[in-house]
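Examining the three-dimensional arrangement
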Amino acid sequence: MKPKILISRSPKSSGLYEAAVEKAGGEALSFHCPDPEMDFDALILAGGGDMDPSEFEEPNLGSVEIDRPRDQAELALISRCVNENKPILGICRGHQVLNIALGGTIYQDMNPPMLDIHAQKEDGESRYHPIGIGVYTMLHDLYGDEIVVNSSHHQAVFKLGQGLYKTAWDENGVVEGIQHSKLPFWGVQFHPEQMNGADGGPDGQKIFDFFLDQCRKQLDG
């Protein structure tokens with residue numbers, strides 16, 4: 001039986017998340033603002049706009065493209081995953097939302113030196129930069145000490161949520177990866193669904209393959 005992977009995404013989807021899940025052997029259930037009570041085995045929190053800063057008790061200091069209904073749906077989904085020990089993979093926005101849901105905070109708008117590394121280019125293309133990876137982590141098991149990743153964000157994890165620890169970082173210490181010390185939760189700031197390894201860079205599909213393996217282990221219990 002294929003694990004049912006719920007993908008919570010923006011209103012428009014490129015299809016890349018869904019394709020990566022299917023390639024890894026899962027059944028992709030892809031929605032904007034999915035019903036938190038629907039049947040699923042694991043959750044992917046996809047990229048998108050910014051979260052409402054009221055969710056981490058701050059005024060708006062540069063957050064844009066806020067989608068309150070999506071925020072509420074994803075917070076409810078994360079709460080359910082905590083209670084039912086369902087795996088979560090957070091990607092870009094999802095990495096930040098997972099952190100916030102567990103009590104963490106974010107940089108709402110990084111300063112120019114950081115933006116020069118991370119923000120999209122004027123033509124909308126991603127930037128690329130190396131990240132260091134901590135040992136005994138999902139990312140290290142898959143890629144080793146350092147890889148080059150894509151980057152298209154203006155926000156980043158600041159204070160880590162409860163139970164989370166940093167697994168990857170850039171040259172300025174910006175958090176590029178997190179995972180939970182006890183729960184099956186992982187997050188990455190970059191977009192592995194866009195990394196196919198064709199240009200000699202890392203193959204992001206490895207992250208989806210890992211995640212589906214963890215889902216099957218949870219189901220086999």
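Our subject is the structure listed above.
Within every chain, residues take consecutive numbers counted from 1 along the sequence as written. In keeping with the model being predicted, local features are shown solely for residues with a pLDDT of at least 70 and side-chain atom pairs are shown and tallied solely at 80 or more, while totals for entire chains, interfaces and linings include all residues. With hydrogens and water set aside, each side-chain value is computed from the structure's full complement of heavy atoms.

**Focus on the packing of helix H1 (residues 16-23) against helix H6 (residues 205-220)**
- Following both chains from N to C, one finds H1 and H6 inclined at 55 degrees, their axes separated by 9 Å at the closest point. One element, H1, and the other, H6, form an angle in the oblique class. Considering the relative orientation of H1 and H6, their crossing is right-handed. In contact with Ala20, Val21 and Lys23 of H1, H6 contributes Gln205, Phe208 and Leu212.
- Looking at the contact of H1 with H6 residue by residue, the class counts come to four nonpolar, one polar and one charged. What counts as an axis is a line fitted to C-alpha atoms, over the stretch in contact for a helix, and the angles between N-to-C directions run from 0 to 180 degrees. Counting from the N terminus, the helices are DSSP H or I runs at least four residues long and the strands are E runs at least two residues long. Should an angle lie under 35 degrees it is considered roughly parallel, over 145 roughly antiparallel, and from 65 to 115 roughly perpendicular; all remaining angles are considered oblique. Two helices crossing with the near one rotated counterclockwise from the far one by less than a right angle form a left-handed crossing, whereas a clockwise rotation gives a right-handed crossing. Throughout, a residue-residue contact means that at least one pair of heavy atoms, one from each residue, lies within 4.5 Å. Charged residues are taken to be Asp, Glu, Lys and Arg, nonpolar residues to be Ala, Val, Leu, Ile, Met, Phe, Trp, Tyr, Cys and Pro, and polar residues to be all remaining types, Gly included.

**Things to note about the nonpolar core**
- Counting 31 residues, the largest nonpolar core has Ile44, Leu139 and Phe211 as its most contacted members.
- Ranked by residues supplied to this core, first place goes to H6 with six residues.
- Leaving out residues up to four positions away in the same chain, Ile44 has contacts with Ile5, Leu6, Ile7, Ser8, Val21, Leu89, Ile91, Phe208 and Phe211.
- Side-chain atoms within 4.5 Å are what join buried Ala, Val, Leu, Ile, Met, Phe, Trp, Tyr and Cys residues into a set we call a nonpolar core. Here's how the labels work: a residue is buried when its accessible area is under 20% of the maximum for its type, exposed when over 50%, partly exposed in between, all with a 1.4 Å probe on protein chains only. One finds Leu43, Met51, Ile100 and Val157 within the second-largest nonpolar core, a separate group that totals 23 residues.

**Let's talk about helix H3 (residues 93-101)**
- Counting buried positions along H3 yields eight of nine residues, so the element is predominantly enclosed.
- Buried residues of H3: Arg93, Gly94, His95, Gln96, Val97, Leu98, Asn99 and Ile100, and no others.
- Looking one or two residues beyond H3, the residue adopting positive phi is Gly103, at roughly 100 degrees.

**Thoughts on the pairing of strand E9 (residues 164-169)**
- Pairing between strands is defined by DSSP: at least two bridges between them are needed. In terms of strand pairing, strand E6 (residues 127-133) meets E9 through two bridges, oriented antiparallel. Paired with Ile133 across the strands is Ala168, a residue of E9.
- Pairing of E9 with strand E10 (residues 175-180), which is carried by five bridges, proceeds in the antiparallel orientation. Across the sheet, residue Ala168 finds its bridge partner in E10, namely Gly177.
- With antiparallel pairing between neighbouring strands as the criterion, E9 and E10 make up a hairpin whose turn holds five residues, including Gly173 at a positive phi of roughly 90 degrees.

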